[in-house]
Amino acid sequence: MASPAVAVGKRLAAAQGAGICFQDEAGQVMRPPVAKTWARRGHTPVVEVSGKGSGRVSIAGLVYLKPGHRGRLMWRTRLHRNRKGERGSFSEDDYIAFLDQAHQRLRAPIVLIWDNLNTTSASGCGN
């Protein structure tokens, strides 16, 4: 069952002839996990893992749904290498560029449903 916020978005989208976009983001550390493995008795397995992390990858994804049209999936990735002064996640400007790109590709108005927006402001998104 949809929450009241999604219901409002559905009514707004229908009134404007827009589609609904669901957006979320995730990140993953690039360092391999250390896990247990098996070996013959008496032969201790050795799993070599780099001592330093090799950064992380972040991905932002967007699903576009509109009645009578096929669904669309769009995403943008960003690789972070733990360099000095480098941000470890998407910035507000990254999100704005991603949403602008989606808006241009879809060539249609969109109503955005965003799960746990973690940036300071989305006021620059426009349209």
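- Going by an unreviewed UniProt entry, the chain carries the name Tc1-like transposase DDE domain-containing protein and comes from Couchioplanes caeruleus.

## Observations concerning the sheet that holds strand β4 (residues 110-114)
No. 1: Overall, mixed pairing links the four strands, which are arranged β3-β2-β1-β4 in an open sheet. Each of the sheet's edge strands pairs with one partner strand only, and the pair in question is β3 (72-80) and β4. Each strand axis lies, on average, 20 degrees off the axis of its neighbour in the sheet, ignoring direction.
No. 2: On the sheet, helix α2 (residues 92-106) packs against β1 (19-29), β2 (56-65), β3 and β4 and is oriented at approximately 155 degrees with respect to β3.

## So, the packing of aromatic side chains
No. 1: Scanning all chains against the criterion turns up two aromatic pairs.
No. 2: With a centroid separation of 5.5 Å and an interplanar angle of 35 degrees, the aromatic rings of F90 and Y95 are classed as tilted.
No. 3: On the accessibility criterion, F90 (4% relative accessible area) is buried.
No. 4: Exposure remark for Y95: the relative accessible area of 4% places this residue in the buried category.
No. 5: Summarising the aromatic geometry, the rings of Y95 and W114 are spaced 5.1 Å apart at their centres and angled 70 degrees between planes, so their arrangement reads as edge-to-face. Of this pair, Y95 sits in helix α2 while W114 sits in strand β4, and the two are 19 residues apart along the sequence.
No. 6: Members of the aromatic cluster, each reached through a chain of ring pairs, are F90, Y95 and W114.

Cut-offs and rules
Residues numbered from 1 in each chain as written. Predicted model: local features only at pLDDT ≥ 70, side-chain atom pairs only at ≥ 80, totals over all residues. Heavy atoms only, no water. Pairing = 2+ DSSP bridges. Helix = DSSP H or I, 4+ residues; strand = E, 2+ residues; numbered from the N terminus. Axes fitted to C-alpha atoms, helices over the stretch in contact; angles between N-to-C directions. Contact = heavy atoms within 4.5 Å. Phe/Tyr/Trp six-rings, centres within 6.5 Å; stacked < 30°, edge-to-face > 60°. Buried < 20%, exposed > 50% of the residue type's maximum accessible area, 1.4 Å probe, protein only.

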